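Structural overview
The primary structure of each chain is shown beneath.
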Amino acid sequence: MSEFQPMALHGKNLSLTRNRRKVLENIDCSFQAGELTAVIGPNGAGKSSLLSCLAGVLLPTAGSLALDDRTITGVSAAERARLIAYLPQQEMPAWSMAAQDLVALGLLPWGRSLDRSRRGARVAAALNQVDAFHFAARPVTQLSGGELRRVQLARLLVANTPVLIADEPGTALDIRHQLQLMQTFRQQADAGKTVILALHDLSLAARYCDRILLLQDGGLRAEGTAETVLTPQLVGAVYGIHSEFRWRNGRPEFIAGDLI
Amino acid sequence: MRLNSYSRREPNLSNSHKFFFLLLACALPLALLAALASGPVKLDLWQAITSGWHSDNSDAVILWQLRLPRAALALLVGAALGMGGAAMQGMLRNPLAEPALLGVSSGAALAAILLLYYGAVSGEVALPLLAILGALLAVGSVWLLAGRGASATRLVLAGVAINAFLSALMALALNYAPSMFAMQEIVFWLLGSLANRGWDQVLLALPFMLVGAVMLVLSRNYLRALSLGESTAASLGFSGRRYPLLVLFGIAFAVGSSVAVAGTIGFIGLVVPHLMRPLVGQDPGRLLWASALAGALLLLLADILVLNTVGVQELRIGAVTAFIGAPFFFWLIVSGRREMSL
């Protein structure tokens, strides 16, 4: 399992209706291996719903999903779990287990095929990746919000799945750990993984992501590089704010301005 | 170096926890001996054991045909209730959950009461079978009421609703009991007891308990994944109806068959998983085994207390466990308020 098979994820005509409300409408999207994609949009635009559908947690009312060229219906839940790791926006542990035991839960889809020492090594490596090793043995109820989030991220990374989906992974993190987190996801993508993140911070999205999907009212409003999506016109129309996009020292920068 | 020191202490139990398990495992045979020595008649235990199963010696008959099946039943019922409670708490992600919460115990109890009420206790076999059916019906209607992919909250609400309905039916059955004798029988049965049980009851309950235990053990990884919530559990490969149904049926079989042979015995399913959880590193999977072991021990100890209490009426074991359980509940609330965790 240390070696993973790069894998693309395709959503075709995804629609989702919840409580008679259309949450997602005819979304076509493709996520390639080696690509870091941000899903952005205002509150209630459907980011979390789209990510849940992509992760196989929610069943879309219409449309289909495919991993490479296999439709997701032909993939068992157990196999899907070995290919796609998912971190929801909120994940409250029910029991006050040690941080390292929470991370080890990410290896559940592998069952007994991993021996104890390899499991321990993987858990340790994942905790190190998010700078959480020093509180590995602490009960999760004794961690701060940001520390818990880092432990959950280690749980996401521990299984080394080809597809990573995280819903606002940077919530509750301080600025240093947010940057560290985005760097970690960047490295994961550069190593050939398909990484999909829902983000609220557009400057982080501009700086680290290869591609941005802009959602509005359950529909796909725009898609492309940061430069093509984060234009003052589009951002103004969707978020209702003034903004600026510029290049500085060869690096894309998004700066939010006043309300319109 | 950090990695090494880490993997040594990862995911295994610490030594003090292993010691506790060893203690628990040693306590069981000791408690069993104490239970066999307890009773109204003083036995020469050693002679009774050595004279064997088929002996006509009165001590041997008391030991092999009365005390041993009673102790075995205490162990089985305690294990089933402990494991059922652990599974229930894991499934509902709630440390206050108990099999009684989802109406499993009430369903079994009501079915048995109706049988006693109509006086159709022709065969001993009918009572346990009907109780298991009652547990299944109760848990099934909770499941239907909660609907597909129900959240824990909705499931608890459905359990409360079904439980309220079953209590109403039970009150009605008591109200229109045909005779004082029937009413007394029903009330005593509801209190729970291990008195006058023999190998018949053990053999009747055992297969159903085993089926329930197998179902629960098969769902241990689902319970582990569920400690991170329903969406995460789904993303870890535990999606759909299959796993929740496995847990629900497992609980119905284990707890329903216990209620059938011993009446309703409360609080074991609440107290035991609580006590064991810190010892298994809060792992809902390992908690199943630990709770079965500790539940067996606790109920056997409670029965030793019952056997050694002298009185006109036999002390009902359900009353004993309630006396253990109620203060525990208070302690839980007070400590929970202090930690602001409940």
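Each chain has its residues counted from 1, following the order in which its sequence is written. Labels are handed out in written order, letters beginning with A for the chains and numbers beginning with 1 for the ligands. Where local features are concerned, this predicted model is filtered to residues with pLDDT of at least 70; where side-chain atom pairs are given and counted, the filter is 80 or more; whole-chain, interface and lining totals use all residues. Side-chain numbers here rest on the full set of heavy atoms in the structure, without hydrogens or water.

Right, let's get into the overall build of chain A. Looking only at helices and strands, one finds nine helices and twelve strands in chain A. Taking 2.2 N^0.38 as the reference for a compact globule, 260 residues should give roughly 18 Å; the C-alpha atoms of chain A span a radius of gyration of 18 Å, in line with that estimate. Each of the three principal axes of chain A carries a C-alpha extent, and together these read 55 × 40 × 35 Å. Within chain A, the proportion of its 260 residues that are buried is 56%. Considering only residue pairs separated by 6 or more positions, chain A has 66% of its internal contacts joining residues 24 or more positions apart. A total accessible area of about 11,300 Å² is found for chain A, and carbon and sulfur atoms account for 48% of it. Each helix is a run of DSSP H or I of at least 4 residues and each strand a run of E of at least 2, with the numbering of both proceeding from the N terminus. Put simply, the radius of gyration uses C-alpha atoms, and a globule should come to 2.2 Å times the residue count raised to 0.38. A simple rule labels every residue: compare its accessible area, found with a 1.4 Å probe on the protein chains alone, to the largest value its type can have, and call it buried under 20%, exposed over 50%, or partly exposed in between. The contact criterion used throughout is that any non-hydrogen atoms of two residues lie within 4.5 Å. Accessible surface is estimated by sampling points in the Shrake-Rupley manner with a 1.4 Å probe; for residues, cover comes only from the protein chains shown.

UniProt positions are given in the numbering used here, feature names are shortened, and annotations may be inferred rather than shown by experiment. On the UniProt side, "transmembrane region" (unreviewed entry) is annotated at positions that read residues 71–88, 100–119, 125–146, 155–173, 202–223, 243–275, 287–309 and 315–334 of chain B here. This span, residues 202–223 of chain B, is 95% helix and 0% strand, and a straight line between its end C-alpha atoms measures 29 Å.

To continue, consider the sheet that holds strand β8 (residues 194–198) of chain A. All names here are of chain A. Two strands pair if DSSP finds at least two bridges between them. Ordered by their spatial adjacency, six strands build an open sheet running β6-β7-β8-β3-β9-β10, and the pairing between neighbours is mixed. Of all the strands in the sheet, just β6 (84–87) and β10 (219–224) have a single pairing partner and so form its edges. Direction aside, the axes of adjacent strands within the sheet are offset by 15 degrees on average. Of the strand pairs in this sheet, strand β3 (residues 36–40) and strand β9 (residues 211–216) are connected by four bridges, and their pairing is parallel. Note on β9: the bridge partner recorded for I40 is L214. The axes are straight lines fitted to the C-alpha atoms, using for helices just the contacting stretch, and the angles between their N-to-C directions are given from 0 to 180°. The strands touched by helix α6 (residues 175–190) within the sheet are β3, β7 (163–167) and β8, with β8 carrying the most contacts at an inclination of about 150 degrees. Of the strands in this sheet, β3, β9 and β10 touch helix α9 (residues 232–239), which is tilted by about 35 degrees from β9.

Here we take up helix α1 (residues 47–55) of chain A. Residues and elements named next belong to chain A. Among the nine residues that make up α1, eight are buried, leaving the element largely enclosed by the rest of the structure. All of the buried residues in α1 are K47, S49, L50, L51, S52, C53, L54 and A55. Positioned one or two residues after α1, G56 has a phi angle of 85 degrees, which is positive.

Three or four residues apart is the spacing at which side chains of an α-helix point the same way, because the helix has 3.6 residues per turn. All names here are of chain B. Given a rise of 1.5 Å per residue, twelve residues ought to cover 16 Å, and the 17 Å separating the end C-alpha atoms of helix α8 (residues 180–191) matches this to within 8%. When α8 is considered as a whole, its buried residues turn out to be A182, I186 and W189. Across the axial projection of α8, the buried residues extend over an arc of 65 degrees, all falling on one side. Counted as exposed and oriented over 90 degrees from the buried face of α8: M180 and F181. The span you would expect from a helix comes to 1.5 Å times its residue count less one. Comment: arc refers to directions from the helix axis out to C-beta atoms.

Across the contact, 31 residues belong to chain B and 38 residues belong to chain A. Using a 1.4 Å probe, buried area is obtained as the accessible area two parts lose upon being combined, added over both of them. Summing both partners gives a buried area of about 2,700 Å² for chain B against chain A, and 61% of it is carried by carbon and sulfur. Polar contact is defined as a pair of N or O atoms within 3.5 Å, subject to the rule that within protein one atom must be able to donate a hydrogen and the other to accept it, and that residues adjacent in sequence are counted only when both atoms are side-chain atoms. Here chain B and chain A share five residue pairs in polar contact (both at pLDDT 80 or more) between them. When contributions to the side of chain B that touches chain A are tallied by element, the ones reaching two or more residues are α1 (2–9), α4 (58–92), α10 (220–226) and α11 (230–235) of chain B. With five residues, α1 of chain B is the single largest residue contributor to the side of chain B that touches chain A. Side-chain classes follow a simple rule in which Ala, Val, Leu, Ile, Met, Phe, Trp, Tyr, Cys and Pro form the nonpolar group, Asp, Glu, Lys and Arg form the charged group, and the remainder, Gly included, forms the polar group. Of the residues assigned to the side of chain B that touches chain A, the class counts are ten nonpolar, 14 polar and seven charged.

Next up on the list: the nonpolar core. By nonpolar core is meant a set of buried Ala, Val, Leu, Ile, Met, Phe, Trp, Tyr and Cys residues that side-chain atoms within 4.5 Å join together. Core analysis: the largest hydrophobic core is formed by 159 residues, its most contacted members being I40, F185 and L230 of chain A together with V77 of chain B. When neighbours within four sequence positions are excluded, I40 of chain A is seen to be in contact with K47, L199, L202, A205, I212, L213, L214, L215, L230 and Y239 of chain A. Judged by nonpolar contacts, the second largest core, of 29 residues, contains L16, V39, L54 and A55 of chain A.

The next subject is the UniProt feature "domain: ABC transporter" (unreviewed entry) in chain A. UniProt records the feature "domain: ABC transporter" (unreviewed entry) for residues 9–242 of chain A in the present numbering. Annotated as 36% helix and 26% strand, the span residues 9–242 of chain A places its first and last C-alpha atoms 33 Å apart.

What follows covers the pairing of strand β4 (residues 62–67) of chain A. Both faces of the sheet carry side chains from a regular strand, because those side chains alternate between them. Residue and element names in this part refer to chain A. Strand direction decides the pairing type here: strand β1 (residues 9–18) and β4, joined by five bridges, are antiparallel. Counted as the bridge partner of G11 is L65 from β4. Following β4, the chain reverses through two residues before pairing antiparallel with strand β5 (residues 70–71); D68 in that reversal takes a positive phi of roughly 50 degrees.

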